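# Summary of the model geometry
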Amino acid sequence: MPDARVNVPASVARGKPFEVRIIIRHPMETGYRTDESGKSIPRNVIRTFVCRYGGEPVFTARLSSGIAANPYLRFFVTAKESGQLTFEWTDDSGAKGSESAAVTVV
Amino acid sequence: MSTHGFHKSCTRRRLLQTGAALALAPWLPAHAAADALPDIPALGAFLAGRKPRLSRVRFELPQLADNGQTVPMKVTVDGLFSPESRVTAIHLFSEANPVPEMAVFEFPAPVERVEVESRVRLAASQRVVAVATMSDNVLYAAAAEVIVTIAGCMDGT
(Lines give C-alpha, C1' and ligand atoms only; values in the text may rest on other atoms or scores of the structure.)
Protein backbone atom coordinates (compact mmCIF):
# COMPACT_ATOMS: atom_id res chain seq x y z
CA MET A 1 0.00 0.00 0.00
CA PRO A 2 1.48 3.35 -0.97
CA ASP A 3 2.09 5.98 1.70
CA ALA A 4 -0.09 8.58 0.05
CA ARG A 5 -2.95 9.01 -2.34
CA VAL A 6 -3.04 12.05 -4.60
CA ASN A 7 -5.92 13.37 -6.62
CA VAL A 8 -5.57 16.00 -9.35
CA PRO A 9 -7.97 16.72 -12.25
CA ALA A 10 -7.36 14.76 -15.48
CA SER A 11 -6.79 18.01 -17.35
CA VAL A 12 -6.54 21.59 -16.19
CA ALA A 13 -7.06 24.94 -17.94
CA ARG A 14 -3.97 27.11 -18.40
CA GLY A 15 -3.77 30.01 -15.98
CA LYS A 16 -6.61 28.72 -13.82
CA PRO A 17 -6.33 27.32 -10.30
CA PHE A 18 -6.88 23.59 -9.98
CA GLU A 19 -7.61 21.46 -6.95
CA VAL A 20 -5.00 19.16 -5.43
CA ARG A 21 -5.93 16.64 -2.77
CA ILE A 22 -3.53 14.41 -0.89
CA ILE A 23 -3.90 12.03 2.01
CA ILE A 24 -0.76 10.64 3.64
CA ARG A 25 -0.74 7.46 5.71
CA HIS A 26 0.90 8.54 8.98
CA PRO A 27 -0.05 8.12 12.66
CA MET A 28 0.79 11.77 13.56
CA GLU A 29 1.72 10.46 17.02
CA THR A 30 1.27 13.32 19.48
CA GLY A 31 3.78 12.21 22.12
CA TYR A 32 1.10 12.42 24.82
CA ARG A 33 0.01 8.80 24.61
CA THR A 34 1.40 5.83 26.52
CA ASP A 35 1.65 2.19 25.47
CA GLU A 36 0.33 -0.85 27.42
CA SER A 37 3.31 -0.81 29.79
CA GLY A 38 2.81 2.88 30.59
CA LYS A 39 5.82 3.99 28.59
CA SER A 40 5.19 7.17 26.67
CA ILE A 41 5.08 6.84 22.88
CA PRO A 42 7.50 9.38 21.39
CA ARG A 43 6.10 12.17 19.29
CA ASN A 44 6.23 11.53 15.57
CA VAL A 45 4.38 13.95 13.35
CA ILE A 46 4.97 15.14 9.81
CA ARG A 47 6.78 18.44 10.23
CA THR A 48 7.19 19.67 6.72
CA PHE A 49 5.27 19.12 3.53
CA VAL A 50 6.20 20.60 0.16
CA CYS A 51 4.34 20.47 -3.12
CA ARG A 52 6.43 21.36 -6.19
CA TYR A 53 5.16 21.99 -9.70
CA GLY A 54 7.77 21.66 -12.43
CA GLY A 55 10.40 21.78 -9.67
CA GLU A 56 9.16 25.06 -8.16
CA PRO A 57 7.53 25.03 -4.72
CA VAL A 58 3.87 26.06 -4.97
CA PHE A 59 2.49 25.05 -1.57
CA THR A 60 4.18 24.16 1.70
CA ALA A 61 2.80 23.21 5.09
CA ARG A 62 4.37 23.09 8.53
CA LEU A 63 2.31 20.71 10.59
CA SER A 64 2.12 19.75 14.27
CA SER A 65 0.32 17.26 16.48
CA GLY A 66 -2.71 19.51 15.95
CA ILE A 67 -3.27 17.85 12.58
CA ALA A 68 -5.23 14.58 12.62
CA ALA A 69 -3.71 11.20 11.87
CA ASN A 70 -3.40 10.39 8.18
CA PRO A 71 -3.15 14.06 7.28
CA TYR A 72 -5.38 15.25 4.47
CA LEU A 73 -4.68 18.43 2.56
CA ARG A 74 -6.67 20.11 -0.17
CA PHE A 75 -5.36 23.23 -1.83
CA PHE A 76 -5.16 25.00 -5.20
CA VAL A 77 -2.31 25.47 -7.64
CA THR A 78 -2.22 27.69 -10.74
CA ALA A 79 -1.95 25.67 -13.97
CA LYS A 80 1.04 26.70 -16.12
CA GLU A 81 2.60 23.94 -18.21
CA SER A 82 1.99 20.21 -18.35
CA GLY A 83 4.37 18.57 -15.94
CA GLN A 84 4.83 16.80 -12.66
CA LEU A 85 3.48 17.76 -9.27
CA THR A 86 5.76 16.29 -6.63
CA PHE A 87 5.02 16.00 -2.94
CA GLU A 88 7.61 15.48 -0.23
CA TRP A 89 7.28 15.28 3.52
CA THR A 90 9.48 14.60 6.54
CA ASP A 91 8.45 13.44 10.02
CA ASP A 92 10.07 13.76 13.46
CA SER A 93 11.81 10.38 13.09
CA GLY A 94 13.50 11.73 9.97
CA ALA A 95 11.52 9.46 7.68
CA LYS A 96 10.84 11.01 4.30
CA GLY A 97 8.00 10.24 1.97
CA SER A 98 7.18 11.35 -1.53
CA GLU A 99 4.56 11.03 -4.20
CA SER A 100 3.96 12.59 -7.59
CA ALA A 101 1.18 13.20 -10.05
CA ALA A 102 1.14 14.25 -13.70
CA VAL A 103 -0.66 17.45 -14.69
CA THR A 104 -1.94 17.95 -18.23
CA VAL A 105 -2.58 21.58 -19.14
CA VAL A 106 -4.97 22.23 -22.01
CA MET B 1 -59.37 54.87 9.45
CA SER B 2 -57.88 51.45 9.58
CA THR B 3 -54.81 52.31 7.52
CA HIS B 4 -54.11 55.26 9.74
CA GLY B 5 -54.42 53.00 12.78
CA PHE B 6 -51.97 50.53 11.26
CA HIS B 7 -49.51 53.28 10.51
CA LYS B 8 -49.80 54.56 14.04
CA SER B 9 -49.15 51.17 15.62
CA CYS B 10 -46.23 50.68 13.28
CA THR B 11 -44.65 53.90 14.47
CA ARG B 12 -45.26 52.92 18.06
CA ARG B 13 -43.60 49.55 17.43
CA ARG B 14 -40.60 51.23 15.88
CA LEU B 15 -40.39 53.62 18.81
CA LEU B 16 -40.42 50.69 21.23
CA GLN B 17 -37.76 48.90 19.20
CA THR B 18 -35.54 51.95 19.20
CA GLY B 19 -36.02 52.25 22.92
CA ALA B 20 -35.06 48.60 23.43
CA ALA B 21 -31.98 49.01 21.23
CA LEU B 22 -30.90 52.05 23.23
CA ALA B 23 -31.40 50.18 26.48
CA LEU B 24 -29.16 47.39 25.15
CA ALA B 25 -26.55 49.80 23.84
CA PRO B 26 -24.28 49.63 26.93
CA TRP B 27 -23.73 45.91 26.23
CA LEU B 28 -22.74 46.40 22.62
CA PRO B 29 -19.01 47.02 23.19
CA ALA B 30 -18.80 43.83 25.29
CA HIS B 31 -20.38 41.92 22.44
CA ALA B 32 -17.87 43.40 20.00
CA ALA B 33 -15.03 42.27 22.26
CA ALA B 34 -16.42 38.72 22.20
CA ASP B 35 -16.04 38.79 18.43
CA ALA B 36 -12.37 39.74 18.73
CA LEU B 37 -9.61 37.19 18.63
CA PRO B 38 -9.03 35.01 21.69
CA ASP B 39 -6.05 35.73 23.87
CA ILE B 40 -3.53 33.05 22.83
CA PRO B 41 0.10 33.76 23.85
CA ALA B 42 1.50 32.16 20.66
CA LEU B 43 -0.86 34.29 18.57
CA GLY B 44 0.19 37.40 20.50
CA ALA B 45 3.84 36.56 19.87
CA PHE B 46 3.17 36.04 16.17
CA LEU B 47 1.21 39.27 15.80
CA ALA B 48 3.78 41.24 17.83
CA GLY B 49 1.40 44.17 18.20
CA ARG B 50 0.06 44.05 14.64
CA LYS B 51 -3.71 44.22 14.37
CA PRO B 52 -5.24 41.83 11.85
CA ARG B 53 -8.42 42.93 10.10
CA LEU B 54 -11.33 40.66 10.89
CA SER B 55 -12.45 40.25 7.30
CA ARG B 56 -11.78 38.31 4.09
CA VAL B 57 -10.84 35.10 5.91
CA ARG B 58 -13.57 32.50 6.10
CA PHE B 59 -12.72 29.85 8.64
CA GLU B 60 -15.05 26.88 8.69
CA LEU B 61 -15.07 24.41 11.55
CA PRO B 62 -18.11 22.48 12.76
CA GLN B 63 -19.82 24.17 15.74
CA LEU B 64 -19.96 20.80 17.45
CA ALA B 65 -17.25 18.18 17.01
CA ASP B 66 -18.16 14.75 18.33
CA ASN B 67 -14.58 13.57 18.17
CA GLY B 68 -11.67 15.96 18.64
CA GLN B 69 -9.31 13.44 17.03
CA THR B 70 -10.31 14.50 13.57
CA VAL B 71 -12.26 17.68 12.88
CA PRO B 72 -12.70 18.90 9.30
CA MET B 73 -11.36 22.41 8.76
CA LYS B 74 -11.53 24.77 5.80
CA VAL B 75 -10.00 28.19 5.48
CA THR B 76 -10.65 30.48 2.53
CA VAL B 77 -9.29 33.94 1.81
CA ASP B 78 -11.66 35.97 -0.35
CA GLY B 79 -10.90 38.53 -2.89
CA LEU B 80 -8.89 39.58 -5.83
CA PHE B 81 -5.19 39.25 -5.40
CA SER B 82 -2.41 41.12 -7.13
CA PRO B 83 1.36 40.53 -7.07
CA GLU B 84 1.57 43.37 -4.51
CA SER B 85 -1.20 42.01 -2.33
CA ARG B 86 -1.56 38.26 -2.33
CA VAL B 87 -1.70 35.65 0.39
CA THR B 88 1.72 34.32 1.35
CA ALA B 89 0.82 32.29 4.44
CA ILE B 90 -2.01 31.12 6.66
CA HIS B 91 -1.33 30.36 10.33
CA LEU B 92 -3.66 28.38 12.57
CA PHE B 93 -3.65 28.98 16.32
CA SER B 94 -5.44 26.93 18.95
CA GLU B 95 -6.68 28.24 22.28
CA ALA B 96 -6.60 24.91 24.19
CA ASN B 97 -4.26 22.51 22.40
CA PRO B 98 -0.88 21.67 24.03
CA VAL B 99 0.73 22.89 20.79
CA PRO B 100 -0.91 26.26 20.12
CA GLU B 101 0.55 26.80 16.65
CA MET B 102 -1.30 24.04 14.82
CA ALA B 103 -0.17 24.56 11.26
CA VAL B 104 1.29 27.02 8.79
CA PHE B 105 0.39 26.89 5.11
CA GLU B 106 2.54 28.86 2.69
CA PHE B 107 1.99 29.87 -0.91
CA PRO B 108 5.35 30.47 -2.59
CA ALA B 109 3.61 30.83 -5.99
CA PRO B 110 0.64 33.14 -6.65
CA VAL B 111 -2.75 31.43 -6.86
CA GLU B 112 -6.15 33.01 -7.50
CA ARG B 113 -8.02 30.67 -5.23
CA VAL B 114 -6.74 30.53 -1.67
CA GLU B 115 -8.53 27.70 0.00
CA VAL B 116 -7.04 25.03 2.25
CA GLU B 117 -8.83 22.08 3.71
CA SER B 118 -7.50 19.63 6.29
CA ARG B 119 -8.47 17.82 9.45
CA VAL B 120 -7.35 19.03 12.84
CA ARG B 121 -7.10 17.62 16.34
CA LEU B 122 -8.72 19.59 19.14
CA ALA B 123 -7.94 18.92 22.79
CA ALA B 124 -11.03 20.66 24.18
CA SER B 125 -13.86 23.05 23.35
CA GLN B 126 -12.15 26.21 22.25
CA ARG B 127 -11.75 28.95 19.71
CA VAL B 128 -9.35 28.47 16.82
CA VAL B 129 -7.88 31.37 14.86
CA ALA B 130 -6.76 31.55 11.23
CA VAL B 131 -4.47 34.44 10.28
CA ALA B 132 -3.68 35.17 6.64
CA THR B 133 -0.50 37.12 5.87
CA MET B 134 -0.48 39.17 2.66
CA SER B 135 2.63 40.03 0.65
CA ASP B 136 2.16 43.70 1.67
CA ASN B 137 2.23 42.60 5.34
CA VAL B 138 -1.47 43.24 5.91
CA LEU B 139 -3.04 40.58 8.12
CA TYR B 140 -6.56 39.22 7.95
CA ALA B 141 -7.99 36.88 10.56
CA ALA B 142 -11.04 34.92 11.62
CA ALA B 143 -11.89 32.82 14.65
CA ALA B 144 -14.15 29.79 14.91
CA GLU B 145 -15.60 28.34 18.06
CA VAL B 146 -15.91 24.57 18.42
CA ILE B 147 -17.50 22.50 21.13
CA VAL B 148 -15.63 19.21 21.45
CA THR B 149 -17.33 16.28 23.17
CA ILE B 150 -14.44 13.78 23.03
CA ALA B 151 -11.02 15.37 23.42
CA GLY B 152 -8.41 14.76 20.76
CA CYS B 153 -5.52 14.12 23.13
CA MET B 154 -6.69 11.01 24.94
CA ASP B 155 -8.03 8.01 23.18
CA GLY B 156 -8.19 5.46 25.94
CA THR B 157 -4.75 3.95 25.44
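Everything discussed here concerns the structure shown above.
The structure displayed is predicted, hence computed values, not measured ones.

Thresholds applied
Residues numbered from 1 in each chain as written. Chains lettered and ligands numbered in written order. Predicted model: local features only at pLDDT ≥ 70, side-chain atom pairs only at ≥ 80, totals over all residues. Heavy atoms only, no water. Helix = DSSP H or I, 4+ residues; strand = E, 2+ residues; numbered from the N terminus. Buried < 20%, exposed > 50% of the residue type's maximum accessible area, 1.4 Å probe, protein only. Contact = heavy atoms within 4.5 Å. Areas by Shrake-Rupley, 256 points an atom, 1.4 Å probe, with all protein chains shown as cover. Lys, Arg positive; Asp, Glu negative; His and termini not counted. Charge placed at Lys NZ, Arg CZ, Asp CG, Glu CD. Polar contact = N/O pair within 3.5 Å; in protein donor to acceptor, adjacent residues only side chain to side chain. Buried area = accessible area lost by both parts, 1.4 Å probe. Salt bridge = Lys/Arg side-chain N within 4 Å of Asp/Glu carboxyl O. Nonpolar A, V, L, I, M, F, W, Y, C, P; charged D, E, K, R; others polar. Pairing = 2+ DSSP bridges. Axes fitted to C-alpha atoms, helices over the stretch in contact; angles between N-to-C directions. Core = buried A, V, L, I, M, F, W, Y, C linked by side-chain atoms within 4.5 Å.

## Things to note about the overall build of chain B
Looking only at helices and strands, one finds three helices and eight strands in chain B. When the helices and strands of chain B are read in sequence order from the N terminus, they spell out α-α-α-β-β-β-β-β-β-β-β. Residue burial in chain B is summarised as follows: out of 157 residues, 38% are buried. Sequence separation of 24 or more characterises 65% of the internal contacts of chain B that already satisfy a separation of 6 or more.

## Regarding the overall build of chain A
Within chain A, the secondary structure is distributed over zero helices and seven strands. For chain A, the α and β elements follow one another from N to C terminus as β-β-β-β-β-β-β. Taken over the C-alpha atoms alone, chain A extends approximately 55 × 20 × 20 Å along its principal axes. In chain A, buried positions account for 42% of the 106 residues. The contacts of chain A with a sequence gap of at least 6 include a subset with a gap of at least 24, amounting to 58%. Surface summary for chain A: the accessible area is close to 5300 Å², and the carbon and sulfur share equals 50%. Averaging the locations of the 14 positively and 11 negatively charged side chains of chain A gives two centres separated by 6 Å.

## Some details on the side chain of A:Arg74
Tracing the chain through its elements places A:Arg74 in strand E5 (residues 72-78). Side chain to side chain, A:Arg74 and A:Glu19 meet in a polar contact 2.5 Å long. Excluding residues that lie within four positions of it along the chain, A:Arg74 makes contacts with A:Glu19, A:Val20, A:Arg21, B:Lys74, B:Arg113, B:Glu115, B:Val116 and B:Glu117.

## Thoughts on the interface of chain B and chain A
Facing the 29 residues of chain B at the interface are 30 residues of chain A. Summing both sides of the interface, chain B and chain A together bury roughly 2600 Å²; the carbon and sulfur share of this comes to 49%. Inspection of the chain B/chain A interface yields three salt bridges. Between B:Glu117 and A:Arg74 there is a salt bridge whose closest N-O contact spans 2.7 Å. On inspection of chain B and its partner chain A, the count reaches 14 residue pairs in polar contact (both at pLDDT 80 or more). Elements with a minimum of two residues in the side of chain B that touches chain A: strand E5 (101-106) and strand E6 (114-120) of chain B. When its residues are assigned to classes, the side of chain B that touches chain A shows 13 nonpolar, six polar and 10 charged. Taken together, the four bridges between strand E4 (residues 56-63) of chain A and E5(B) define a ladder with antiparallel strand orientation.

## Looking at the sheet that holds strand E2 (residues 64-67) of chain B
An order of E7(A)-E6(A)-E3(A)-E4(A)-E5(B)-E4(B)-E7(B)-E8(B)-E2(B) is seen for the nine strands of this open sheet, with the pairing classed as mixed. Two strands lie at the open edges of the sheet, namely strand E7 (96-103) of chain A together with E2 of chain B, each paired on one side alone. Each strand axis lies, on average, 20° off the axis of its neighbour in the sheet, ignoring direction. As paired elements, strand E3 (residues 46-53) of chain A and strand E6 (residues 83-91) of chain A share seven bridges and run antiparallel to each other. Bridged to A:Val50 within E6(A) is A:Glu88.

## Topic: the nonpolar core
Generally speaking, a soluble globular protein has its nonpolar side chains buried in company with each other. With 60 residues, the main nonpolar core has A:Phe49, A:Phe59, A:Phe75, A:Phe87, B:Phe59, B:Ile90 and B:Phe105 as its most contacted residues. Element by element, the count of residues in this core is highest for strand E8 (residues 139-150) of chain B, at five residues. A:Phe59 has contacts with A:Phe49, A:Val50, A:Cys51, A:Leu73, A:Phe75, B:Phe105, B:Glu106, B:Phe107, B:Pro108 and B:Val116, leaving out every residue within four places of it along the chain.

## Description of the side chain of B:Ser118
Looking at the secondary structure, you find B:Ser118 in strand E6. Ignoring any residue separated from it by four or fewer positions in sequence, one finds B:Ser118 in contact with A:Ile67, A:Tyr72, A:Leu73, B:Val71, B:Pro72 and B:Met73.

## Notes on the environment of A:Val50
Residue and element names in this part refer to chain A. Relative to the elements of secondary structure, valine 50 occurs in strand E3. Its relative accessible area of 18% is what places valine 50 among the buried residues. When near neighbours in sequence (up to four residues on either side) are disregarded, valine 50 contacts Pro57, Phe59, Thr60, Thr86, Phe87 and Glu88.

Everything listed is a geometric property; what it means functionally is a separate question.
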